[in-house]
Amino acid sequence: MKIGIVAEFNPLHSGHKYLIEEARKRINKNQGGEIICVMSEYFTQRGEVAIVDGYARAKEAIREGCDLVIALPYLASVAYSDDFAKKSIEILADAGVTHLIFGTEQPEIEIFEDIYNKQENMDKTQYKELLKQGYNYATINNKLFGLENNNPNFVLAYSYYKAIKKYAPHIKLLPVKRSGQRLNENIVEENFHLSATTIRKNINDKIIENYLSENMLKELRENRTLQEEDFFDLIRYKIISLGKENLSEIYDINEGLENRIYEAVFYSEDYKNLVDNIATKRYSRKKVQRILLHILTNTTKEDYKKYFQTKVYKVLAVKKEKTILIREINNTNKITLISSLNSKNSHHFIHDIKVARIYNLISKEKDVFKKSIELV
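The shown structure was predicted, so the numbers you read here are calculated from the model rather than taken from an experiment.

Caption draft 1: Quick look at the packing of aromatic side chains. Taken as a whole and assessed by the stated rule, the structure comprises 15 aromatic pairs. A ring pair is formed by Tyr 251 and Tyr 304, whose centres lie 4.7 Å apart and whose planes are at 5°; its orientation type is stacked. Of this pair, Tyr 251 sits in the loop between α11 (232-247) and α12 (257-264) while Tyr 304 sits in helix α15 (residues 301-307), and the two are 53 residues apart along the sequence. By relative accessible area, Tyr 251 is classed as buried at 13%.

Written as structure tokens, this is what we have:
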């Protein structure tokens, strides 16, 4: 039995710990197995900056019970939920995962099946009409199929369901009902679990200590924690230096959006203001945030074609007694896992190396070539 987890752990808190514990219970009941995690490194699916880099968060995941943490490449980390899920499930399936465990407010799988059937049999005319009216995809999916666009965990859970149904039908779903705050809530309060958003925004509040391990808290307090505003000047510089013509080559920029972005940069006072000035009914804040990261990292449409289909991945951390997992996975010849970057393998990670170095301009961490797998 191998249970997969798709995560950002930004940071890893009590809710994530509960999910890992639930996975471990199932493995113990099965009398053996491993927990394999796929995790974003530097930037996240909603277009946000990771509070600390992937190595620190992966090390904490191993401490809390995971056996192996594989880095999800940037192009899948900062992506629509379907692309995020597709690549994550592809990695886990090729790593031999038999089950996927995930948190969701509505753990009844029948709900996913109902939405899936509606989408498969939809009237495309109605979909196109709503697009013409300026609605974004998330709003349309909510109107036509009941896919909650204000509930990111549920949307992601449904994306996992679709990816497994299409690409890895042998993987069994293990939904776990979430408790505590919803993902986007950010108010500090006594709750069973706080959201990662609340923890990031209130990192120096004493109450946060109740939801993080001593090791995770130490990592956050001793290292510089980052937020989107830290990259505002770099983003603004990139927008101006690229200009409208080159902005149009950035991944996910289309329909003339480059004009709106270029004009907004000259009257936006900070990062949040820039997002607000670009976002519309059609272009959600999350989409805009992802695009701004693509601009920051100069991620082009060509990059997506070139690198998204990679089959070579970095291992961020592994339990000492489970290092054999890496060899076992590599021996299947489905994917290749590497423990550290060097001159022989770096050509597989050209884009992710660039992303890491841009992140490190602000974080001041040592270069990605000087980092290697965390053994815990």
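Anyway, onward from the coordinates.
Caption draft 2: Expanded view of the pairing of strand β4 (residues 99-104). With six of six residues buried, β4 is to be regarded as a mostly interior element. Neither face of β4 is left uncovered, since the one carrying His 99, Ile 101 and Gly 103 and the one carrying Leu 100, Phe 102 and Thr 104 both have all their residues buried. Relative to β4, strand β1 (residues 2-7) runs parallel, the two being bridged by two bridges. Directly across from Ile 3, in β4, lies its bridge partner His 99. Two elements, β4 and strand β5 (residues 172-177), share six bridges in a ladder whose sense is parallel. Bridge pairing in β5 places Ile 101 opposite Leu 174.

Caption draft 3: Local environment of helix α6 (residues 124-132). For α6, the complete set of buried residues consists of Tyr 127, Leu 130 and Leu 131. All buried residues of α6 lie within an arc of 105° about the axis, which places them on one face of the element. Turned more than 90 degrees away from the buried face of α6 sit Thr 125, Lys 128 and Lys 132, all of them exposed. The inward-facing, buried residues of α6 contact α7 (137-145). Looking one or two places after α6, you find Gly 134, whose phi comes out positive at around 95°.

Reading the values: rules and limits
Residues numbered from 1 in each chain as written. Predicted model: local features only at pLDDT ≥ 70, side-chain atom pairs only at ≥ 80, totals over all residues. Heavy atoms only, no water. Phe/Tyr/Trp six-rings, centres within 6.5 Å; stacked < 30°, edge-to-face > 60°. Helix = DSSP H or I, 4+ residues; strand = E, 2+ residues; numbered from the N terminus. Buried < 20%, exposed > 50% of the residue type's maximum accessible area, 1.4 Å probe, protein only. Pairing = 2+ DSSP bridges. Arc of directions from axis to C-beta. Contact = heavy atoms within 4.5 Å.

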